Amino acid sequence: MAMTLRAVLETPFRAPDPVPWPVATREPGAWLTLDGTCGDLEIGLFAAVVAGYNNIPPGKLATAEHLIAPGGLILTDPTTVITPGCCCGLEDWLDWARALVDNEPPWLGHDPTPTMSIGDRITVWQDTGPPENHAPILSGPHITLTRAHLADLLQGVHRDLTAFTTALAAWAERQTTNGPALTATIDAAFAFTAPLPPSAI
């Protein structure tokens with residue numbers, strides 16, 4: 001299996017609040033990959049989780065000013081899987097790309113506490129100890145890759161999220177009364193189609 005990077009939504013540990021559209025069923029804490037292969041049920045689950053996580057009635061989602069959602073990016077190679085920590089947000093996925101520009105590691109959550117080491121090569125660690133530990137323990141499961149390889153993977157994530165946004169727009173037209181506004185709000189909140197920083201292209 002080649003190295004992969006994918007954008008994911010974490011499914012909640014309780015059932016999403018009722019919504020006026022069908023939703024997929026996933027195990028609590030599962031990862032829903034966001035790309036162009038998502039069907040109506042997966043997109044319905046995504047929209048339901050976003051509405052519930054932000055305590056917004058489904059009908060008001062299109063006019064929300066600020067949205068967040070549990071998730072982020074999952075990096076894998078043939079032997080290791082690096083997942084977002086608790087409280088990591090899908091809305092911050094572009095921070096991985098910004099790290100290639102400003103050399104500042106993104107915050108990747110806690111419990112576990114993933115960390116990115118940035119130099120000539122990039123190393124992403126699954127767990128570097130308690131969040132209050134000011135000297136991260138750089139040991140255990142990790143994946144190392146070149147800066148160019150990470151940039152290539154991020155371009156793939158951007159293509160996946162752009163395709164997901166296209167599928168979301170089609171779903172919203174069928175399932176809601178304010179499809180274009182809903183799509184625009186979600187795209188703006190999560191930067192799905194926003195351009196990558198130049199150093200990540």
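Residues numbered from 1 in each chain as written. Predicted model: local features only at pLDDT ≥ 70, side-chain atom pairs only at ≥ 80, totals over all residues. Heavy atoms only, no water.

K.L.:
What is the right way to read the layout of surface pockets from this model?
P.N.:
Empty space among the atoms becomes visible once a probe the size of a water molecule is rolled across them. Roughly 350 Å³ of internal volume is contained in the largest pocket. Counting residues per element, the lining of the largest pocket draws most heavily on helix H1 (residues 40-53), at four residues. Among the residues forming the lining of the largest pocket, the class breakdown is 13 nonpolar, four polar and four charged. (1 Å grid on protein atoms, 1.4 Å probe; cavity = no way out; pocket = protein on both sides within 12 Å on 5 of 7 lines; lining within 4 Å. Points joined across faces, edges and corners; volume = space filled by probe spheres on them. Helix = DSSP H or I, 4+ residues; strand = E, 2+ residues; numbered from the N terminus. Nonpolar A, V, L, I, M, F, W, Y, C, P; charged D, E, K, R; others polar.)

K.L.:
Would you mind going over the sheet that holds strand S7 (residues 142-146) with me for this structure?
P.N.:
To summarise the sheet geometry, strands pair through backbone hydrogen bonds and adopt either a parallel or an antiparallel arrangement. Strand order in the open sheet formed by three strands is S5-S6-S7, and the pairing between neighbours is antiparallel. Two strands close off the open sheet at either side, each with one partner strand: strand S5 (115-118) and S7. For this sheet, the mean inter-axis angle between neighbouring strands, taken without regard to orientation, is 15°. Running at roughly 100° to S7, helix H3 (residues 147-175) makes contact with S5, strand S6 (121-125) and S7 of the sheet. (Pairing = 2+ DSSP bridges. Axes fitted to C-alpha atoms, helices over the stretch in contact; angles between N-to-C directions. Contact = heavy atoms within 4.5 Å.)

K.L.:
What is the right way to look at the sheet that holds strand S1 (residues 4-10) in this model?
P.N.:
Strand order in the open sheet formed by four strands is S2-S1-S3-S4, with antiparallel pairing between adjacent strands. Whereas interior strands pair on both sides, the edge strands pair on one side only; in this sheet they are strand S2 (31-33) and strand S4 (81-82). Bridging between strand S3 (residues 71-76) and S4 involves two bridges; their strand directions are antiparallel. Across the sheet, the residue bridging to Leu 75 is Ile 82, located in S4. Along the sheet, H3 makes contact with S1 and S3, crossing S1 at roughly 45°.

K.L.:
Before we go on, may I ask you to explain the packing of H3 against helix H4 (residues 179-190) in this structure?
P.N.:
How two helices sit against one another is set out by the angle between their axes and by the gap between those axes. Remark: H3 packs on H4, axes separated minimally by 8 Å, with the N-to-C direction vectors making an angle of 150°. Relative to H4, H3 is oriented roughly antiparallel. Crossing geometry of H3 relative to H4 is assigned as right-handed. Two secondary-structure elements touch here, H3 through Thr 165, Leu 168, Ala 169, Trp 171, Ala 172 and Glu 173 and H4 through Gly 179, Pro 180, Leu 182, Thr 183, Ile 186 and Asp 187. When its residues are assigned to classes, the contact of H3 with H4 shows seven nonpolar, three polar and two charged. (Parallel < 35°, antiparallel > 145°, perpendicular 65-115°, else oblique. Left-handed = near helix turned anticlockwise from the far one by under 90°.)

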